[in-house]
Amino acid sequence: MTDPVSSKGPGLLARLARARPTKPGEIYGVPGQGNTFWLSIASVLVLLFIWWLVTALGLVKPLFVPSPQAVVKKFIQIWNEGFTNTPFLEHVLISTFRVFGAFLLACAIGLPLGLAMGMSPLMRGIFDPPIEFYRPIPPLAYLPLMIIWFGIGETSKVLLIFLSVFAPIVLGARSGVKSAAIEQIHAAYSFGATRWQVMRHVILPSAMPEILTAMRVGIGFGWTTLVAAEMVAATKGLGYMVLSASQFLQTPVVIMGIFVIAIIAFGFDLLMRFLERRLVPWKGRM
Amino acid sequence: MSLKIDNVSVIYPAADGRPPVAALSEINLEIVEGEFVVALGASGCGKSTLLNLIAGFLSPSTGSLVLDGRTVSGPGADRAVVFQKHALLPWLNVIDNVAFGLEIQGIAKQARHKTANEFIQLLGLDGFQNSPVYKLSGGMQQRVGIARALTCDPKVLLMDEPLGALDALTREKAQELILKIWGETRKSVFFITHSVEEALFMGTKLIVMSPRPGRITHVFDLPFSRLFQSGAPARQVKASPEFIALREKVLNIIFADEEAVE
Ligand SMILES: Nc1ncnc2c1ncn2[C@@H]1O[C@H](COP(=O)(O)OP(=O)(O)OP(=O)(O)O)[C@@H](O)[C@H]1O
Ligand SMILES: [Mg+2]
C-alpha cells in the first residue's frame, strides 16, 4: 500500500509553479504556450453578462451605465438616421481616413528615418533630440500649437495623430536595425556585398519583426489620439460623435462610439497579427 | 593565392570594467595555394579571432596580413566563411540560403538555383530545398552553411568548426566531401576544429594554439589527407600507426595546455 498523502504528488503550489507538460509534438517550456481563443470568448461573454445584470437589476442609473439593449437600439437608430445630420458610415470613414492617413504618412517617413538613425550616427545625432523631446508630451498639450500653426482644418487633425504614431514607429525601426546577428552581416560582406546590399538583404528583413510590432503599437497610439484631434472644430468623425454626445449626456452614444472605435482598431490589429504570422514566421526562432 | 600573417597581435579593448583581452599575440603564419591549414586548441585560445582576421572582419592591433600582395583591409568575395553559429538567414528557405552569395553577386535566379542545387545534393540536403532553415536540425543547418560558402567558388575557404554538430557518420562523409572539393579545386583552406582526429585527417598543416595570450605553440606538417586523396580509404588512414602516434602526441600537448590553464 502506498502512503495516500505522497501518492497525491507534489502540492498545488509546486504544481502551479512548474511548467505544464506538453501535448505530443509541442515543445516544453515555450512561454505563454497554449490556445486562448475560447477563454477570450468566455471572458467577453461574462463581461457582457455582468454589464447586462448590473443594468437589469437597476444597480446604476442608465445615465451612468445604459443597458446593452439601449446601446444596441441607439446604434440601430444612428445607423438609420445618422448623427447630427451626417450618416453614421461617414463618421466612421472620416475617422478611419484620419487615423490611417496619419499612420501611412508616419510609416512612409518614420520607417526610413528610423532605419537611417539605426544605421548612421550622423542621423541619430541629428534626430534623436527632437524626437525624444516631443515623444513623452501628451498630444493634448501641443494641440493648441497645432491649431495656431495649421488652423482648424484637416491638416492639424491629421498632423496631431501623425505625431503620436510617428515616434513609436521611428523607435521601432531604429532598434530593429540591431536585430541582425553580426555573423549574418559578415556573411553578406564576405560574399562581396555593398553596404546597400547588406541593408536590403540582411538588416531590413531581420528588422521586420520589430517594425511590425512598432506599427501595431503606433496605430494604437493613433486611435488614442483620435478623440483629441477631433476636439478641434470637427463636425464629423467618431471622436466628434463621442465628444458631442457626452456634452448632451447621451451616454448610449458615447459607449457605442467607444465600441465602434475599439472594433475597428481590434480588426486592424488582427490583420497585423495575420501579417506577422505570414511575413515573419521565423520570429524568435533563430 | 598566398596569405602571409606577419607578427599579428589582437587586443580586445577593455569593456565594462574588465581588463583588455590579449586574444592573439605575435602570430606568424603563411598559407600558400592549395594548403589546408587546421587550427586546434582549447576553447578561448583565439581560433575564431584568427579566422576573423583572415576574413577581414577584424583588423590586427599590430602586425599585418597580406593576401596576394595586398594588405587585408576588409572582407571580400575571394574568401568565403563558414561560421560557428547564427549566420543563416531565417527568412530564406534552404535553397535561397545556399544561393545567397550568388544573389549578392547578381546571378540570375535560375542560374543560382541550379548551382545551389548541385551543392545541396552534394551535402545530402536534397528534398529540403523549400524548407525554412529554422526548422532544420543543427547538423543540417551547418551543412547549409557549408553549401552556401562553396557555391561562390572562393579562393580561400575559412571554416569555424563547420562539422561540430554532425553525427559521426555524416561527419566522416562531410570530411571526405570537403577533402574531395579541396582536391579538385585547389582552394586554400583554414579550418578550425576541436577534434584531433579530424584535424590530423584533413589538414596538410596543423597549428596548435594555446590561450592567454592566444598564440601558436606547435606546427606540424601532415601527410594523411594526401594519402586519402591518392586513394587510401579513410578508415585505413585513421588506423595507421603514424596517425595514431601523432594523435597521441597532439592530445598530450593539448591536455598539458588545459591543465596548465586550470
Ligand atoms: N568581441 C570580443 N570582445 C572581447 N573579447 C573577446 C571578443 N571576442 C573574443 N574575445 C576573447 O578573445 C579570446 C579568444 O576568443 P575566440 O573566440 O577567438 O576563441 P576560440 O578559440 O574561437 O574559442 P572556441 O573554441 O570556444 O570557439 C577569448 O578569451 C574571448 O573571451
Ligand atoms: Mg571559436
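What you see is a predicted model; the values in this text were computed from it and never measured. (Residues numbered from 1 in each chain as written. Chains lettered and ligands numbered in written order. Predicted model: local features only at pLDDT ≥ 70, side-chain atom pairs only at ≥ 80, totals over all residues. Heavy atoms only, no water.)

(A) Molecular detail of the domain arrangement of chain B. Residues and elements named next belong to chain B. With domains assigned, chain B is organised as domain 1 (2-78 + 156-261) and domain 2 (86-153). Computed over C-alpha atoms, the centres of domain 1 and domain 2 are 25 Å apart. Between domain 1 and domain 2, the buried area comes to about 990 Å², and carbon and sulfur atoms account for 70% of it. Joining domain 1 to domain 2, the criterion identifies one salt bridge. In this structure, the salt-bridge partner of K187 is D153, at a minimum N-O distance of 2.6 Å. Counting residues per element, the side of domain 1 that touches domain 2 draws most heavily on helix α6 (residues 168-185), at three residues. (Domains from an automatic or database assignment. Buried area = accessible area lost by both parts, 1.4 Å probe. Salt bridge = Lys/Arg side-chain N within 4 Å of Asp/Glu carboxyl O. Helix = DSSP H or I, 4+ residues; strand = E, 2+ residues; numbered from the N terminus.)

(B) Main features of the nonpolar core. Formed by 76 residues in total, the largest nonpolar core has its most connected members in F103(A), F166(A), I169(A), M215(A) and F100(B). With 13 residues, helix α9 (residues 195-229) of chain A is the single largest residue contributor to this core. Residues within four places of M215(A) in sequence aside, it is in contact with F103(A), C107(A), I169(A) and M272(A). Among the nonpolar cores identified, the runner-up in size contains 53 residues, and I95(B), L123(B), M159(B) and F228(B) belong to it. (Core = buried A, V, L, I, M, F, W, Y, C linked by side-chain atoms within 4.5 Å. Buried < 20%, exposed > 50% of the residue type's maximum accessible area, 1.4 Å probe, protein only. Contact = heavy atoms within 4.5 Å.)

(C) Here's a closer look at the site of ligand 1. Residue and element names in this part refer to chain B. Around ligand 1, a shell composed of 13 residues is seen, among which S43, G44, K47, S48 and T49 lie nearest. Within the backbone of G46, an N or O atom sits 3.0 Å from an oxygen atom of ligand 1. In the model, an oxygen atom of ligand 1 is placed 2.8 Å from a nitrogen or oxygen of the K47 side chain. Protein coverage of the free-state accessible area of ligand 1, which is 640 Å², stands at 62%. (Near = heavy atom within 4 Å. Polar contact = N/O pair within 3.5 Å; in protein donor to acceptor, adjacent residues only side chain to side chain. Areas by Shrake-Rupley, 256 points an atom, 1.4 Å probe, with all protein chains shown as cover.)

(D) View of the interface of chain B and chain A. With 26 residues of chain B at the contact, the number on the chain A side is 20 residues. A combined buried area of about 2,100 Å² lies between chain B and chain A, and 72% of that area is made up of carbon and sulfur atoms. By the criterion of area lost to chain A, the three top residues of chain B are W91(B), I104(B) and Y134(B), representing 34% of everything that side buries. When residues of the side of chain B that touches chain A are traced back to their parent elements, those giving at least two are β6 (79-82), α3 (100-104) and α5 (138-151) of chain B. It is α3(B) that contributes the most residues to the side of chain B that touches chain A, four residues altogether. A per-class count over the side of chain B that touches chain A returns 16 nonpolar, five polar and five charged. (Nonpolar A, V, L, I, M, F, W, Y, C, P; charged D, E, K, R; others polar.)

(E) Geometry of the pairing of strand β4 (residues 62-67) of chain B. Residues and elements named next belong to chain B. As paired strands, strand β1 (residues 2-12) and β4 are joined by five bridges and run antiparallel to one another. Residue pairing across strands places K4 opposite V66, the latter belonging to β4. Here β4 runs beside strand β5 (residues 70-71); their pairing, made up of two bridges, is antiparallel. Bridge pairing in β5 places L67 opposite R70. (Pairing = 2+ DSSP bridges.)

(F) Representation of empty space enclosed by the protein. All names here are of chain B. For the structure on display, the rule yields one cavity of 30 Å³ or more. By volume, the largest cavity is sized at about 40 Å³. In terms of lining, the largest cavity is formed by I146, L150, L157, M159, I178, I181, W182, K187 and V189. Sorting elements by how many residues they give to the lining of the largest cavity places α6 first, with three residues. For the lining of the largest cavity, a count of residues per class yields eight nonpolar, no polar and one charged. (1 Å grid on protein atoms, 1.4 Å probe; cavity = no way out; pocket = protein on both sides within 12 Å on 5 of 7 lines; lining within 4 Å. Points joined across faces, edges and corners; volume = space filled by probe spheres on them.)

(G) The arrangement of the sheet that holds strand β2 (residues 21-32) of chain B in detail. Strand order in the open sheet made by the four strands is β2-β1-β4-β5 (chain B), with antiparallel pairing throughout. In the strand order of this sheet, the two ends are held by β2 and β5 of chain B, each with one partner.

(H) Summary view of the pattern of salt bridges. Taken as a whole, this structure holds 20 salt bridges over all chains when the rule is applied. K155(B) is paired through a salt bridge with D68(B); the nearest N and O atoms lie 3.3 Å apart. Of this pair, K155(B) sits in the loop between α5 and β7 (156-160) while D68(B) is found in the loop between β4 and β5, placing the two residues 87 residues apart along the sequence. We classify D68(B) as partly exposed; its relative accessible area is 36%. Each of R216(A), D269(A), R273(A), E276(A) and K283(A) takes part in one network of salt bridges that share partners.

(I) A look at the environment of L275(A). In this structure, L275(A) sits in helix α11 (residues 251-279). In the structure, L275(A) is positioned 206 residues away from Q69(A) in sequence and 35 Å away in space, judged by C-alpha atoms.

(J) Representation of the packing of helix α5 (residues 121-134) of chain A against helix α7 (residues 154-176) of chain A in the model. Residues and elements named next belong to chain A. Where α5 meets α7, the closest approach of the two axes is 11 Å, and the angle between their N-to-C directions is 135°. With respect to α7, the element α5 is oriented oblique. Here α5 and α7 pass one another in a crossing that is left-handed. Touching R124, D128, I131, E132 and Y134 of α5 are L163, F166, A167, V170, L171 and R174, all from α7. (Axes fitted to C-alpha atoms, helices over the stretch in contact; angles between N-to-C directions. Parallel < 35°, antiparallel > 145°, perpendicular 65-115°, else oblique. Left-handed = near helix turned anticlockwise from the far one by under 90°.)

(K) Representation of the side chain of K47(B). Summarising the element assignment, K47(B) is placed in helix α1 (residues 47-55). The side chain of K47(B) is buried and forms no salt bridge, while E161(B), the nearest opposite charge, is found at 5.1 Å. (Lys, Arg positive; Asp, Glu negative; His and termini not counted.)

(L) View of the pairing of β7(B). Residue and element names in this part refer to chain B. Extensive coverage of β7 is indicated by the burial of five of its five residues. Every second residue of β7 is oriented toward a common face, with V156, L158 and D160 on one face and L157 and M159 on the other, all of them buried. Inspection of the sheet shows β6 paired to β7 by four bridges, in the parallel sense. Note on β7: the bridge partner recorded for V82 is M159. Here β7 pairs with strand β8 (residues 188-192) via five bridges, running parallel.

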